[in-house]
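Structural overview for review
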Amino acid sequence: MEFPRLPSRDTSGQKVVLPDDLEGEQTLVLISFDRRQQSLVGSWRGFAKELCETYGHFGYYELLVLGGRSGMMPAMSGGGMSPEAARSRPHDNALIARVDKTALQRRLGLLGEGNIYALLVEDGTVVRQAAGVLTPETGDALEDLLKQWREANSGWTEASAACGSTGDNALDS
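Residues numbered from 1 in each chain as written. Predicted model: local features only at pLDDT ≥ 70, side-chain atom pairs only at ≥ 80, totals over all residues. Heavy atoms only, no water.

So, on to the packing of aromatic side chains. One pass over the structure, following the stated rule, counts one aromatic pair. Between phenylalanine 33 and tyrosine 117, the aromatic rings sit 6.3 Å apart at their centres with planes inclined by 75 degrees, giving edge-to-face as the arrangement. A residue pair is termed long-range when its members are at least 10 positions apart, and phenylalanine 33 in the loop between β3 (26–32) and α1 (38–54) and tyrosine 117 in strand β6 (residues 117–122) qualify at 84 residues. Among the residues examined, phenylalanine 33 registers a relative accessible area of 2% and is labelled buried. (Phe/Tyr/Trp six-rings, centres within 6.5 Å; stacked < 30°, edge-to-face > 60°. Helix = DSSP H or I, 4+ residues; strand = E, 2+ residues; numbered from the N terminus. Buried < 20%, exposed > 50% of the residue type's maximum accessible area, 1.4 Å probe, protein only.)

Right under this line is the structure:
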């Protein structure tokens, strides 16, 4: 399934369009729908950073999806994250998007906003996804995919990468 074109902003207010601006040949996008889900996202963060150091072709982003421009949310000055959000998400690879959550969930096949989702994206296509906190099985499955990709593409020059559920499902397609 194709990852939809999604305008977002990084912590400094710069526009980032997903998947066009994703760095990394394989990129993990961790999607959350509420700031209170950051502890769930945090379960992936350390592992994703380790993978970035090990696999030069890999990048990861944390995407907080908030409701769209319904007029009920105050506009942010400068176009970036609010100071509160920037303090709670001090990562260079943190993004925020204000879109129709339901439409995005439908496009990506996500089962609601009560959980976080990890999507592995290659060339704009979601090749694997998992819901919930990182589990050993899911981590092993992700690392196996990265190893396979690296072995299959060992003749290619590596590009620099951006690194900065209930848990028993291993990155299913």
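Burial analysis of strand β5 (residues 94–98) places five of its five residues in the buried class, the great majority of the element. Bridge count between strand β1 (residues 6–10) and β5: two bridges; the pairing is antiparallel. Residue pairing for β5: aspartate 10 is matched across the bridge by leucine 95. Here strand β4 (residues 58–66) pairs with β5 via five bridges, running parallel. In the sheet register, leucine 66 faces β5, and the bridge partner there is arginine 98. (Pairing = 2+ DSSP bridges.)

Our focus in this paragraph is the sheet that holds β5. One open sheet accounts for seven strands, arranged β2-β1-β5-β4-β3-β6-β7; its pairing is mixed. The open sheet has two edge strands, β2 (15–18) and β7 (125–131), and neither has a second partner. Averaged over neighbouring strand pairs, the angle between their axes works out to 30 degrees when direction is ignored. As defined by bridge partners, β3 adjoins β6 across six bridges and the pair is classed as antiparallel. Along β6, the bridge assignment pairs leucine 30 with alanine 118. Those strands touched by helix α3 (residues 101–108) are β1, β3, β4, β6 and β7, and its axis lies near 140 degrees from that of β4. (Axes fitted to C-alpha atoms, helices over the stretch in contact; angles between N-to-C directions. Contact = heavy atoms within 4.5 Å.)

Judged by nonpolar contacts, the single largest core of 22 residues is most densely connected at Phe3, Leu6, Leu18, Ile31, Leu63, Leu108 and Leu119. Contributions of two or more residues to this core are made by β2, β3, β4, β5, α3, β6 and β7. Residues within four places of leucine 108 in sequence aside, it is in contact with Met1, Glu2, Phe3, Pro4, Ile31, Leu119, Val126 and Gln129. (Core = buried A, V, L, I, M, F, W, Y, C linked by side-chain atoms within 4.5 Å.)

Note that the residue after leucine 18, namely proline 19, is joined by a cis bond; omega there is -5 degrees. On the secondary structure map, proline 19 appears in the loop between β2 and β3. With phi around 50 degrees, aspartate 123 is a residue other than glycine that occupies positive phi space. Residue classification places aspartate 123 among the exposed positions, given a relative accessible area of 74%.

Counting buried positions along β6 gives five out of six residues, so the element sits mostly inside the fold. The antiparallel pairing of β6 with β7 creates a hairpin that spans two residues between the two strands, and aspartate 123 there sits at a positive phi of about 50 degrees.

Our next topic: the side chain of glutamine 105. Structurally, glutamine 105 can be placed in helix α3. Setting aside chain neighbours within four positions, we find glutamine 105 in contact with Phe33, Leu110, Gly112 and Glu113.

Before going further, it helps to spend a moment on the environment of lysine 147. Considering the arrangement of structural elements, one finds lysine 147 in helix α4 (residues 136–152). The partly exposed category is assigned to lysine 147, whose relative accessible area is 35%. Taking the C-alpha atoms as reference, lysine 147 lies 9.9 Å from threonine 54; in sequence the two are 93 residues apart.

Everything listed is a geometric property; what it means functionally is a separate question.
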